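Single-letter residue listing:
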Amino acid sequence: MDEFEVDRDALVTAYLAEAEEVLARMELGLVELEGRPSDEELLHALFREAHTLKGGATLVAFDGVRDLAHDLESVLERLRNHTLAIGSALVTLLLRSVDVLRAAIADAAAGAAEPSAATRAFQAELAEVAGAAA
């Protein structure tokens with residue numbers, strides 16, 4: 001391997017470790033969000049976490065994960081812009097997004113080329129929420 005070749009396995013391993021840390025922070029942040037729905041910094045932090053997942057997924061060519069993280073970003077952006085109200089049903093949906101992202105990352109790491117039917121169905125839910133807020 002010359003100096004410009006990239007060790008994809010090492011990149012994937014690093015992404016998987018980072019993604020788990022990001023998802024754990026997102027879970028904690030989302031639980032906090034239910035009690036502090038007007039906490040602007042918390043909303044920005046959650047958006048940044050989703051953005052980090054998206055960027056890393058792009059780097060390792062986990063396109064389904066990238067797209068799911070992008071859809072989550074869209075909902076979080078609506079929250080940051082105050083065009084979507086935070087309630088327990090929405091927090092539950094966002095907490096589910098962490099589980100769906102974990103599964104999508106595991107599937108991609110195992111070699112799945114396409115998102116699962118469950119992931120696509122969840123993306124439709126996110127799109128509906130984001131679209132309703134627009």
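Let me sum up the structure you'll find in this document. (Residues numbered from 1 in each chain as written. Predicted model: local features only at pLDDT ≥ 70, side-chain atom pairs only at ≥ 80, totals over all residues. Heavy atoms only, no water.)

### Regarding the environment of Ala112
By secondary structure assignment, the location of Ala112 is in the loop between α4 (88-109) and α5 (117-133). Taking the C-alpha atoms as reference points, Ala112 and Glu125, separated by 13 residues in sequence, lie 22 Å from one another. (Helix = DSSP H or I, 4+ residues; strand = E, 2+ residues; numbered from the N terminus.)

### Looking at the pattern of salt bridges
Tallied over the entire structure, the rule returns 12 salt bridges. Among the salt bridges present, the one from Arg25 reaches Glu49, with a minimum N-O distance of 2.6 Å. Remark: Glu49 occurs in helix α2 (residues 40-59) and Arg25 occurs in helix α1 (residues 8-35); sequence separation between them is 24 residues. Residue Glu49 is classed as buried on the basis of its relative accessible area of 13%. With a shortest N-O distance of 3.2 Å, Asp63 and Arg66 are connected by a salt bridge. In this pair, Asp63 and Arg66 are both assigned in helix α3 (residues 63-80), three residues apart and thus about one turn of the helix distant. The class of Asp63 is partly exposed, set by a relative accessible area of 40%. A relative accessible area of 26% places Arg66 in the partly exposed class. (Salt bridge = Lys/Arg side-chain N within 4 Å of Asp/Glu carboxyl O. Buried < 20%, exposed > 50% of the residue type's maximum accessible area, 1.4 Å probe, protein only.)

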